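# Structural description and commentary
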Amino acid sequence: MSHTAIVNTPGDTLNVRSTPNGEIVDVLKDGSQVTISETSVNIEGEIWVSIGTNRWVVSEFLRIVDPAILSIPGAKIIATQTQEQIGGGLLVYQTQLIDNTGKIINHVRCVSGRIGQQIPSNESGSQTPLPFGIYTFDAPGVVEDAPGEFGGVWSGITPTFPTQRAGLGVHYDPSAFLYVSQTGTSGCLATPTIEEREIMTRFILQYQPTHLIVQKAD
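The text that follows walks through the structure, step by step, so that each part is easy to find. Keep in mind it's a predicted model, so treat the numbers as computed, not measured. (Residues numbered from 1 in each chain as written. Predicted model: local features only at pLDDT ≥ 70, side-chain atom pairs only at ≥ 80, totals over all residues. Heavy atoms only, no water.)

The next subject is helix α2 (residues 194-207). The terminal C-alpha atoms of α2, which comprises 14 residues, lie 20 Å apart, in line with the 20 Å expected from a rise of 1.5 Å per residue. What α2 keeps buried is the set Glu 196, Arg 197, Ile 199, Met 200, Thr 201, Phe 203 and Ile 204. Among the residues trailing α2, Gln 208 stands out with phi positive, at a value near 50 degrees. (Helix = DSSP H or I, 4+ residues; strand = E, 2+ residues; numbered from the N terminus. Expected span 1.5 Å × (residues − 1). Buried < 20%, exposed > 50% of the residue type's maximum accessible area, 1.4 Å probe, protein only.)

A few words on the packing of aromatic side chains. Under the defined criterion, the tally for this structure stands at three aromatic pairs. Here the aromatic rings of Phe 150 and Trp 154 are separated by 5.1 Å at their centres, their planes lie at 70 degrees, and the arrangement is edge-to-face. On the accessibility criterion, Trp 154 (16% relative accessible area) is buried. Consider the rings of Phe 203 and Tyr 207, whose centres lie 5.1 Å apart with planes at 25 degrees: the pair is stacked. Of this pair, Phe 203 and Tyr 207 are both found in helix α2, four residues apart, which corresponds to roughly one turn of the helix. (Phe/Tyr/Trp six-rings, centres within 6.5 Å; stacked < 30°, edge-to-face > 60°.)

Within this structure, the stated rule accounts for four salt bridges. Between Arg 55 and Asp 26 there is a salt bridge, and its shortest N-O distance comes to 3.1 Å. Of the two residues, Arg 55 sits in strand β7 (residues 55-58) while Asp 26 sits in strand β3 (residues 24-29), which places them 29 residues apart along the sequence. The class for Arg 55 is partly exposed, based on a relative accessible area of 25%. In this structure, the salt-bridge partner of Arg 197 is Glu 198, at a minimum N-O distance of 2.8 Å. We classify Glu 198 as partly exposed; its relative accessible area is 30%. (Salt bridge = Lys/Arg side-chain N within 4 Å of Asp/Glu carboxyl O.)

In this section: the sheet that holds strand β14 (residues 168-172). Spatially, β9-β10-β11-β15-β14-β13-β12-β16 is the arrangement adopted by the eight strands of the closed barrel, whose pairing is mixed. Sheet twist, expressed as the average angle between the axes of neighbouring strands with direction ignored, equals 35 degrees. With four bridges connecting them, strand β13 (residues 154-159) and β14 associate as antiparallel partners. Note that in β14 the partner of Trp 154 across the bridge is His 171. On the sheet, α2 packs against β9 (76-86), β10 (90-98), β11 (104-114), β12 (133-137), β13, β14 and β15 (184-191) and is oriented at approximately 120 degrees with respect to β11. (Pairing = 2+ DSSP bridges. Axes fitted to C-alpha atoms, helices over the stretch in contact; angles between N-to-C directions. Contact = heavy atoms within 4.5 Å.)

A few words on unusual backbone geometry. Although it is not a glycine, Asn 21 sits at a positive phi angle of roughly 70 degrees. Mapped onto the secondary structure, Asn 21 falls in the loop between β2 (13-17) and β3. Given a relative accessible area of 49%, Asn 21 falls into the partly exposed group. Backbone geometry at Gln 208 places phi at a positive 50 degrees, although glycine is not the residue there. A relative accessible area of 44% means that Gln 208 is categorised as partly exposed.

Turning our attention to the sheet that holds strand β1 (residues 3-7). Taken together, three strands build an open sheet; the order of strands is β4-β1-β8 and the sheet is antiparallel. Strands with a single pairing partner mark the edges of an open sheet, and in this sheet they are β4 (33-36) and β8 (62-64). With direction set aside, neighbouring strand axes in the sheet form an average angle of 40 degrees. With four bridges connecting them, β1 and β4 associate as antiparallel partners. In the strand pairing of β4, His 3 is matched with Ile 36.

This is a description of form; function is not addressed.
In structure tokens form, the structure reads like this:
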């Protein structure tokens, strides 16, 4: 899923590179409008996003201006389902962590649903991925200690749309790479590695996101 953003470099310009940290191929003025895709990479702590074929910029200097996204108050997490797979068949959700000004703070991968059950469903008790839509955090800025399957962290979420699904949250999935029948989550959104768990946890604690948006790539 692509988003509209503007370059935010007061008094300066933004270099566009052929690859993350690669050769400069263009220069954008402050205020320029760009379209960013869900494709992003983290190189030594810098988040690079794609704004076109062989065109990459550092996300720190962009602000999301998509009306649909900006109309949602507060900091937010946007999880976009892709066709990339890990853990023997779990679809990767490229997930952007965005502050209340629209700045992309960081990026992680997430998974949702059990292996072999990767089509979202609204059915109660389903172990499929989260239905696409907007969720609110039950307690913004709170990460509970949740052992076992939840990997030590839990932040509850509630759908803003009609669904039979309940008991949902954001956590860490220790089983993501185990390649067994219980690989994945029972329907929540989860980071697949400890490093990504820590990035997500820090973001939730510091920026207190109010909403989670789960969507499918164009």
